[in-house]
Amino acid sequence: MLTRRDVLHSSALAAAALAARPFAATAAQSAPAAAPAAPSDTTRFFPGFKPFKVQTSGAMINGVVGGSGPPILLLHGAPQSHISWRLVAPKLAASRTVVVPDLRGYGDSSKPPDGDNHVNYSKRAMALDQVEVMKHFGFDRFPVIGQDRGGRVTHRLLLDHPKKVSHAAVLDIIPTRYLYTHVTLAFAQAYYHWFSYLRPAPTPENELKATNDAQLARATSDVQREYLRTMTDPATIHAMCEDYRASASIDLQYDEADEKKKIECPLAVLWAAKGSMGQLYDVLSIWKTRGTKVFGKALPGGHNLQEDVPELVLAEIEALLKA
């Protein structure tokens, strides 16, 4: 299984130095010129599912859909793609229509130009993609489960489109603005990539390309090779860095404007007992300041909970849907 730490290529000392700087937006960069990774049929990871590509107002979103009945949307984190949900989605599909997309910039979804102040990789833009994807499948209201960066898109969905989301869960995150306004040395050391990726292109992109190429050469499983198939594509690497650059610039502006908005739907908050987030922060208490129906717990896995403890994640999703 590919984890975020597998693709980091910077030092904690460099991150700590960056942490002392103001969080100004880096200059918009254009994606490196390179042929995109050849698309892959990922339905081999999702028995009974079908691939889809949906053109939204800002991107072409790739993914898989399966099952029938009421909907649910599953969003992945970085540096993964929709296949991170392969152990959970087929079981949910026994009773639901399960939509599992690649976020814009990731996997086989398109990589739009950066835009001013990284706007095309803002969580607002990513959230709108998902509203439009679900509308394409005939769903105007749906539950959404987001892990890591997908959890940050879920948070923005809840703020921008509250009537669209019936239930939500965020996995192993706390709000982005809280993290950037409570920077500590411990945070910089545990999450140094949050600062490394903010450097102007192409420095972090070139470092990640070298690291990911080496990882692909050593990959031994189909899952690893599939993750690295896209994460060795310079356009995907650049888009991921833009996602992080947006989080430290335009997303902070949106989050500050919406600081007083409360999440009204049931919100399940899950975090990794073996991960850094729960060790550094009181995850549940922080989220309770953002919503009116917030509950949750630590689960005995690592950061990628849906891959580490899929049965426990499935049970928590099913409990959320009854709330």
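Residues numbered from 1 in each chain as written. Predicted model: local features only at pLDDT ≥ 70, side-chain atom pairs only at ≥ 80, totals over all residues. Heavy atoms only, no water.

## Structural notes on the overall build of the protein
At step 1: Along its length, the protein carries 15 helices and eight strands.
At step 2: If you sum the accessible surface of the protein, you get close to 12400 Å²; carbon and sulfur atoms cover 57% of it. (Helix = DSSP H or I, 4+ residues; strand = E, 2+ residues; numbered from the N terminus. Areas by Shrake-Rupley, 256 points an atom, 1.4 Å probe, with all protein chains shown as cover.)

## Section: unusual backbone geometry
At step 1: The step from Ala 78 to Pro 79 runs through a cis peptide bond, and the omega angle for that step is 5 degrees.
At step 2: Relative to the helices and strands, Pro 79 resides in the loop between strand 3 (71-75) and helix 2 (89-92).
At step 3: That bond from Ala 201 to Pro 202 is cis: its omega, 5 degrees, falls within 30 degrees of zero.
At step 4: Position of Pro 202 among the secondary structure elements: in the loop between helix 7 (193-196) and helix 8 (203-218).

## Side note on the packing of helix 3 (residues 123-136) against helix 4 (residues 149-160)
At step 1: Running from amino to carboxyl end, helix 3 crosses helix 4 at an angle of 80 degrees, the nearest separation of the two axes being 8 Å. Judged on the interaxial angle alone, helix 4 and helix 3 are roughly perpendicular. Counting all contacts with helix 3, which are made through Lys 123, Arg 124, Met 126, Ala 127, Gln 130 and Val 131, the residues of helix 4 involved are Arg 149, Arg 152, Val 153, Arg 156, Leu 157 and Asp 160.
At step 2: Classifying every residue of the contact of helix 3 with helix 4 gives five nonpolar, one polar and six charged. (Axes fitted to C-alpha atoms, helices over the stretch in contact; angles between N-to-C directions. Parallel < 35°, antiparallel > 145°, perpendicular 65-115°, else oblique. Contact = heavy atoms within 4.5 Å. Nonpolar A, V, L, I, M, F, W, Y, C, P; charged D, E, K, R; others polar.)

## Section: the pattern of salt bridges
At step 1: Here the structure, examined in full by the defined rule, presents 24 salt bridges.
At step 2: Two residues, Asp 160 and Arg 124, come together in a salt bridge whose shortest N-O distance is 2.8 Å. Of this pair, Asp 160 sits in helix 4 while Arg 124 sits in helix 3; the two residues are 36 residues apart in sequence, bridging distant segments of the chain.
At step 3: Exposure remark for Arg 124: the relative accessible area of 30% places this residue in the partly exposed category.
At step 4: For Lys 261, the salt bridge goes to Asp 258, with nearest N and O atoms at 3.6 Å.
At step 5: Exposure remark for Asp 258: the relative accessible area of 8% places this residue in the buried category.
At step 6: Linked by salt bridges that have partners in common, Arg 124, Arg 156, Asp 160, Asp 255, Asp 258 and Lys 261 make up one network. (Salt bridge = Lys/Arg side-chain N within 4 Å of Asp/Glu carboxyl O. Buried < 20%, exposed > 50% of the residue type's maximum accessible area, 1.4 Å probe, protein only.)

## Notes on the sheet that holds strand 3
At step 1: Read from one edge of the open sheet, eight strands run 1-2-4-3-5-6-7-8, paired in mixed fashion. On the outer flanks of this sheet lie strand 1 (50-55) and strand 8 (294-299), each paired with one strand and no other. When the angles between neighbouring strand axes are averaged without regard to direction, this sheet yields 20 degrees.
At step 2: Relative to strand 5 (residues 142-147), strand 3 is paired through three bridges, and the arrangement is parallel. Its bridge partner lying in strand 5, Leu 74 is registered against Ile 145. (Pairing = 2+ DSSP bridges.)

## Brief notes about the nonpolar core
At step 1: Core analysis: the biggest nonpolar cluster contains 62 residues, and Leu 73, Ile 174, Trp 194, Met 240, Leu 267, Val 269 and Trp 287 have the highest contact counts within it.
At step 2: Here this core gets six residues from one element, more than from any other, and that element is helix 10 (residues 234-247).
At step 3: The residues contacting Trp 287, other than those within four sequence positions of it, are His 155, Val 170, Ile 173, Ile 174, Pro 175, Ile 263, Leu 267, Val 269 and Val 294.
At step 4: In terms of nonpolar packing, the next biggest core, distinct from the first, is built from 30 residues, Val 64, Ile 83, Val 313 and Leu 320 among them. (Core = buried A, V, L, I, M, F, W, Y, C linked by side-chain atoms within 4.5 Å.)

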